[in-house]
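Here are the chains, one letter per residue:
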Amino acid sequence: MTKSDPFGFDMSVKSAKKKNPRGRRGMSGASETSVRQCEHPGCTEAGKFRAPKAPDVLDDYYWFCQQHVREYNLKWNFFDGTTEAEINAQQTKDKVWERATKPISDPEARAWARLGIEDPHQVLGANATQNPGRNAGAGRRLPPTERRAIEILEAKDTWTKPEVRKAYKKLIKVLHPDMNGGDRSQEEQLQLVVWAWDQIKVSRNFKD
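Reference entry: report on the structure contained in this document. (Residues numbered from 1 in each chain as written. Predicted model: local features only at pLDDT ≥ 70, side-chain atom pairs only at ≥ 80, totals over all residues. Heavy atoms only, no water.)

**So, the packing of aromatic side chains**
According to the stated counting rule, one finds four aromatic pairs in the structure shown. The interplanar angle of 20° and the centroid separation of 5.5 Å between the aromatic rings of Y168 and W197 together place this pair among those described as stacked. A residue pair is termed long-range when its members are at least 10 positions apart, and Y168 in helix 6 (residues 161-175) and W197 in helix 7 (residues 187-201) qualify at 29 residues. With respect to class, Y168 is no different from W197; both count as buried. Ring pairs connect the aromatic residues Y62, F64 and Y72, which therefore count as one cluster. Between R36 and the ring centre of W63, over which it is positioned, the NZ or CZ distance is 4.1 Å. Above the face of the Y61 ring, R50 is positioned so that its terminal group lies 4.3 Å from the ring centre. (Phe/Tyr/Trp six-rings, centres within 6.5 Å; stacked < 30°, edge-to-face > 60°. Helix = DSSP H or I, 4+ residues; strand = E, 2+ residues; numbered from the N terminus. Buried < 20%, exposed > 50% of the residue type's maximum accessible area, 1.4 Å probe, protein only. Lys NZ or Arg CZ within 6 Å of the ring centre and 35° of its normal.)

Okay, here's the thing in C-alpha cells:
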C-alpha cells in the first residue's frame, strides 16, 4: 500500500525512471537512448552497443551496432601488449581481488626489532641489558643555570673552564656576524652562547 504525498510529489522509483531514462540498457546490452551512429568505418547503423577503447581506458568507449560490437569483442584482448610477467602479476592480484595480504609476523619479534635485536636470545650477549643505576649518566650536580649553560655550549660538566672556553670560541666563530661573513640570522643563538659563557666563567664548579 502506498501513501500519497501531501505535497503532490511522486517519489517512487518507477516515476524517477520515467523522468530520467538516460543510460537505460535493454536485455541485449543495447543503450535504448543512444542516438550515436556505429563507429565502424562505412557503417550507418545506430551505435547502441558500447565497447572499451583500451585495457587502461575502461571508462571511454566506442559505440557500434550489434554486428560490429560482436566483431570487436571477438578481437578484444585485455592483455594485448603486456609481457608474461605482467600477466602473471595481474593474475596474482586477481586471486585476492587486488587486495594484497599483509605478511604474518610475530608481534613479540617486532618489539625486539625496535630495539635492534633480531633474536630475543641476543639480550644475553653483547646487547645484554645492563642496569647502570639510578644516577648513572646524570653527571655531577650543577645549578640549573650552569646545567643549561653547558647544554648551550655543547660542553661536558667534567671539563675545565679553558676547555669550555674553547667550545665557546668555536661557536662564536660560527654565530658572530663579524666572523661568519655578516650573517645575522643567528643573533639570538649568539646571545644565548654569550650568556652561557658568562655563567661558566664566574662559576666555582669548574676548575680554572
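**Here's the deal with the pattern of salt bridges**
Considering all chains together, one arrives at five salt bridges under this definition. Here E151 and R148 are joined by a salt bridge, their closest N and O atoms 3.8 Å apart. Here E151 and its partner R148 are both found in helix 5 (residues 144-152), three residues apart, which amounts to about one turn of the helix. Residue class for R148 comes out partly exposed when judged on its relative accessible area of 41%. Between D208 and K161 there is a salt bridge, with its nearest N and O atoms 3.3 Å apart. Remark: K161 occurs in helix 6 and D208 occurs in the segment after helix 7; sequence separation between them is 47 residues. (Salt bridge = Lys/Arg side-chain N within 4 Å of Asp/Glu carboxyl O.)

**A closer look at helix 2 (residues 66-75)**
An α-helix turns once per 3.6 residues; consequently, residues spaced three or four apart project the same way. Those residues of helix 2 that sit buried are H68, V69 and Y72. Buried residues in helix 2, looked at end-on, bunch into an arc of 100°, giving them a common side. Residues of helix 2 that are exposed and angled more than 90 degrees away from the buried face: Q67, R70 and L74. (Arc of directions from axis to C-beta.)

**Observations concerning the nonpolar core**
Judged by nonpolar contacts, the single largest core of 17 residues is most densely connected at I150, L153, V164, Y168, V193, I200 and F206. Elements that contribute at least two residues to this core include exactly helix 5, helix 6 and helix 7. Apart from residues no more than four positions distant in its own chain, I150 is found in contact with L142, A155, K156, D157, V164, I200 and F206. C38, F64, C65 and Y72 belong to the second largest nonpolar core, which has nine residues in total. (Core = buried A, V, L, I, M, F, W, Y, C linked by side-chain atoms within 4.5 Å. Contact = heavy atoms within 4.5 Å.)

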